[in-house]
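Survey of secondary and tertiary structure
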Amino acid sequence: MATGIVSLGAHLMALPWIAHSLLLLNLILYPVLWVMTLIRLAKFPTRMVGDLTDHARGPGFFTLIAGSNIVGAQLVVLLPESGVGVVLWWIGSLCWMGLTYAIFSALTLKIQKPTLEKGISGTWLLSIVSTQSVAVLSSLLAAGTLPHWKLELNFLALAMWLVGGMLYIWMISLIFYRYTFFRLEPEDLVPSYWINMGAMAISTLAGSLLVTSAPEAPLLNALAPFIKGMTILYWVTGTWWIPILLILTLWRYGYRRYPIRYNSLYWAIVFPLGMYAVCTHMLSEALSIGFLDRISPVLFYLSLAAWVITFFGLIRHIYLQCR
């Protein structure tokens, strides 16, 4: 997900060699991760089902959906003639149907449940990211690869965009309540809380694509004022989170001296930064707000730097584990 959005950001910043290099990397990593997931399912089915129905680990499975759709978006944007993006859309959409209802039903019906303080985290917002990723890829396919399904895909994109917004309202209320009414320790402030902003960033991207598609889609055109207003609301909400997240990050690592060592959760910082850069660029184009586009390059290069640091942290971690 992080690699895919930085790749798309590089494309928008007219850096094709970075965009295509990261696409190539994702075309290697994506099938490898699927193979590893299927091996895990075959060898440890009970433990995997246990993770799927766990309040802390279960929402992490939504990355299967978002990852598929982000790689699909890369292919549609960077290799528009490729039909693989359609295949990934099917994978992402079917996984969304299966995982969304399986995870939330299981968490609802469990007898033993954690307290809100222990059970909720930014990882839950991956459900919004995955939902909006379906909206993003549907819009891109409607505009290019599958024009004959434009009406259906635009309706699906609109529906998923609205569902994602409603899910965010429910979940961010619980997260904000956890922030302000329970004690927060440095180990509680995991990097996945950056998805507070990232979920709004991808919602902004999906809304911007709907606005762009509106002139050629009567359904979207009729709702254009509403879509524009909600898209700005999403962007402003995501922007509001950035200073809070920076303050909390400084508190964790600066004031409380929490050790900095590689953790896969750090990719949850890279993705929101990259998504914010991309959504701001697309919003400025969709609504003709030119001055906003001055923000995009700054956030893009910040996300690229974060990607490089995290990637080399991963390489170093693998090296140390193999010694």
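I will try to describe carefully the structure that is included in this document. (Residues numbered from 1 in each chain as written. Predicted model: local features only at pLDDT ≥ 70, side-chain atom pairs only at ≥ 80, totals over all residues. Heavy atoms only, no water.)

Helix and strand counts for the protein chain stand at 13 helices and zero strands. Relative to the compact-globule value of 20 Å for 323 residues, the protein chain shows a C-alpha radius of gyration of 19 Å, a close match. Its C-alpha atoms give the protein chain principal-axis dimensions of roughly 50 × 45 × 40 Å. In the protein chain, which comprises 323 residues, the proportion classed as buried is 51%. Per element, the accessible surface of the protein chain, about 15,700 Å² overall, is 72% carbon and sulfur. Counting 18 positive and 11 negative side-chain charges, the protein chain places the averaged centre of each group 12 Å from the other. (Helix = DSSP H or I, 4+ residues; strand = E, 2+ residues; numbered from the N terminus. Rg over C-alpha atoms; globule rule 2.2 N^0.38 Å. Buried < 20%, exposed > 50% of the residue type's maximum accessible area, 1.4 Å probe, protein only. Areas by Shrake-Rupley, 256 points an atom, 1.4 Å probe, with all protein chains shown as cover. Lys, Arg positive; Asp, Glu negative; His and termini not counted. Charge placed at Lys NZ, Arg CZ, Asp CG, Glu CD.)

As a further point, take the packing of aromatic side chains. Inspection of the entire model under this criterion finds 18 aromatic pairs. When the centroid spacing of 5.7 Å and the interplanar angle of 35° are considered together, the rings of Phe 62 and Phe 104 count as tilted. With a gap of 42 residues between them, Phe 62 in the loop between helix H3 (45-52) and helix H4 (63-78) and Phe 104 in helix H5 (residues 84-109) connect regions that are remote in the sequence. Taking relative accessible area as the criterion, Phe 62 reaches 1% and is therefore assigned buried. (Phe/Tyr/Trp six-rings, centres within 6.5 Å; stacked < 30°, edge-to-face > 60°.)

We now examine helix H9 (residues 195-213). Along its 19 residues, H9 runs 26 Å from first to last C-alpha, staying within 8% of the 27 Å computed at 1.5 Å per residue. Burial of H9 is extensive: 18 of the 19 residues sit out of reach of the surface. (Expected span 1.5 Å × (residues − 1).)

Bringing a nonpolar patch on the surface into the picture now. On the surface, Leu 24, Ile 28, Leu 29, Val 32, Leu 33 and Met 36 cluster together into a nonpolar patch covering about 560 Å² of accessible area. The residue Ile 28 is located in helix H2 (residues 16-43) in this model. (Patch = residues over 30% accessible without salt bridge, like charges linked within 9 Å, V, L, I, M, F, W, Y side chains within 5 Å. Salt bridge = Lys/Arg side-chain N within 4 Å of Asp/Glu carboxyl O.)

Further remarks concern the environment of Leu 88. Mapped onto the fold, Leu 88 is located in helix H5. With a relative accessible area of 4%, Leu 88 lands in the buried category. Residues Leu 88 and Lys 43, 45 residues apart in the sequence, show an inter-C-alpha distance of 25 Å.

This part covers the side chain of Ser 127. The residue Ser 127 is located in helix H7 (residues 126-143) in this model. Not counting residues up to four positions away in its chain, the partners in contact with Ser 127 are Phe 62, Phe 104, Leu 167 and Met 171. (Contact = heavy atoms within 4.5 Å.)

Before going further, it helps to spend a moment on the side chain of Thr 204. Looking at the secondary structure, you find Thr 204 in helix H9. Given a relative accessible area of 0%, Thr 204 falls into the buried group. If we ignore the near neighbours within four places in the chain, the residues touching Thr 204 are Thr 231, Tyr 234, Trp 235, Cys 279 and Leu 283.

Applying the stated criterion to the full structure yields seven salt bridges. Among the salt bridges present, the one from Asp 51 reaches Arg 40, with a minimum N-O distance of 2.2 Å. With Asp 51 in helix H3 and Arg 40 in helix H2, this pair connects stretches of sequence that are eleven residues apart. In this structure Asp 51 comes out as buried when scored by relative accessible area, which is 15%. The residue Glu 185 makes a salt bridge to Arg 183 at a minimum N-O spacing of 2.3 Å. Since its relative accessible area comes to 18%, Glu 185 is described here as buried. Through salt bridges with shared partners, a single ionic network connects Arg 40, Asp 51, Asp 54 and Arg 57.

With 104 residues, the main nonpolar core has Leu 125 and Met 197 as its most contacted residues. For this core, the leading source of residues is helix H12 (residues 267-286), giving 13 residues. Discounting chain neighbours no more than four positions away, the residues touching Met 197 are Gly 238, Trp 241, Ile 242, Leu 245, Pro 272, Leu 273 and Tyr 276. (Core = buried A, V, L, I, M, F, W, Y, C linked by side-chain atoms within 4.5 Å.)

Time to look at unusual backbone geometry. In this structure, Arg 257 takes a positive phi of about 55° despite not being glycine. Assignment of secondary structure puts Arg 257 in the loop between helix H11 (224-255) and H12. What makes Arg 257 exposed here is its relative accessible area of 67%.

Right, let's get into the packing of H2 against H4. At a minimum axis distance of 11 Å, the contact between H2 and H4 shows a crossing angle of 145°. Classified by chirality, the crossing of H4 by H2 is left-handed. Contacts from Ala 19, His 20, Leu 22, Leu 23, Asn 26, Leu 27, Tyr 30, Trp 34 and Thr 37 of H2 reach H4 at Leu 64, Gly 67, Ser 68, Val 71, Gln 74, Leu 75 and Leu 78. Partitioning the contact of H2 with H4 into residue classes produces ten nonpolar, six polar and no charged. (Axes fitted to C-alpha atoms, helices over the stretch in contact; angles between N-to-C directions. Left-handed = near helix turned anticlockwise from the far one by under 90°. Nonpolar A, V, L, I, M, F, W, Y, C, P; charged D, E, K, R; others polar.)

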